[in-house]
Amino acid sequence: MTPQPKNLFLIGTSHVGKSTCAHRIGLATGLPVISTDMLGRHPERPWTGVPDAVVEFYHRLSNDTIHWFLRAHHENMRPIIREKIRAQRQMGDGFIFESAALRPEYLADWEIGDALVVCFHVEDPVLRERIVHGSRYSEQGKQVKAAIEKFVERSLRENTALAEAAKAHWRTAN
């Protein structure tokens, strides 16, 4: 019988279901769930409760630049995440780690140990609908709707980029 990995890493862009899945598995197994959502802030969801500067960020920048900023944010988060994983592994217990900043190409650098890694991906129309629904798009004003559209584009690009990176990583790891 193959031993089960102690740790679970859930990778994917915003709105693919990482947090929901992590919390459900955590409840079922008793494993702690670690999320990087609050470890480092960046222009996130441009709706309810978000400062005007975030909406302005989405309005002023091109889709290419917004996606570049997201990738730069992930790169900046890399040492913080590495330390968080190291500290959690030293505790010796299993855990669930979920984050949009987890990137398949960083896995070897993070020394994840005995772990199962799952990269979430949903089809573009599904991702778009999840964001539209979650943002209450139809209730938003013109400015926020425009920012949400840019967030959708950023998320669609990242959804594709992460899936491609996961496939490439899997090919090189096996």
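Our subject in this report is the structure included herewith. Since the model is a prediction, treat every value here as computed from it, not as a measurement.

## Brief notes about the overall build of the protein
Helices and strands together make up the secondary structure of the protein, namely six helices and four strands. The N-to-C order of helical and strand elements in the protein reads β-α-β-α-α-β-α-β-α-α. By the compact-globule yardstick of 16 Å for 174 residues, the protein fits well, its C-alpha radius of gyration being 17 Å. Each of the three principal axes of the protein carries a C-alpha extent, and together these read 55 × 30 × 30 Å. Counting over 174 residues, the protein shows a buried share of 39%. Relative to all contacts within the protein whose residues are 6 or more apart in sequence, the contacts with residues 24 or more apart total 82%. Summing over all exposed atoms, the protein offers an accessible surface of approximately 9,800 Å²; the carbon and sulfur share of this is 54%. Distance between charge centroids for the protein: 1 Å, based on 23 positive and 21 negative side chains.

## Notes on unusual backbone geometry
One non-glycine residue, histidine 15, adopts positive backbone phi at about 75°. Checked against the element boundaries, histidine 15 lands in the loop between strand 1 (7-11) and helix 1 (18-29). For histidine 15, a relative accessible area of 18% gives the class buried. One non-glycine residue, arginine 136, lies in the positive phi region at around 55°.

## Examining the packing of aromatic side chains
Scanning all chains against the criterion turns up eight aromatic pairs. Seen in terms of ring centroids, phenylalanine 57 and phenylalanine 69 are 5.7 Å apart; in terms of plane orientation they differ by 65°. Their pairing is edge-to-face. Taken together, the residues phenylalanine 57 in helix 2 (residues 52-60) and phenylalanine 69 in helix 3 (residues 63-90) connect sequence positions 12 residues apart. Accessibility expressed as a relative area gives 39% for phenylalanine 69, which makes it partly exposed.

Calculation notes
Residues numbered from 1 in each chain as written. Predicted model: local features only at pLDDT ≥ 70, side-chain atom pairs only at ≥ 80, totals over all residues. Heavy atoms only, no water. Helix = DSSP H or I, 4+ residues; strand = E, 2+ residues; numbered from the N terminus. Rg over C-alpha atoms; globule rule 2.2 N^0.38 Å. Buried < 20%, exposed > 50% of the residue type's maximum accessible area, 1.4 Å probe, protein only. Contact = heavy atoms within 4.5 Å. Areas by Shrake-Rupley, 256 points an atom, 1.4 Å probe, with all protein chains shown as cover. Lys, Arg positive; Asp, Glu negative; His and termini not counted. Charge placed at Lys NZ, Arg CZ, Asp CG, Glu CD. Phe/Tyr/Trp six-rings, centres within 6.5 Å; stacked < 30°, edge-to-face > 60°.

On their own, these measurements won't tell you what the molecule is for.
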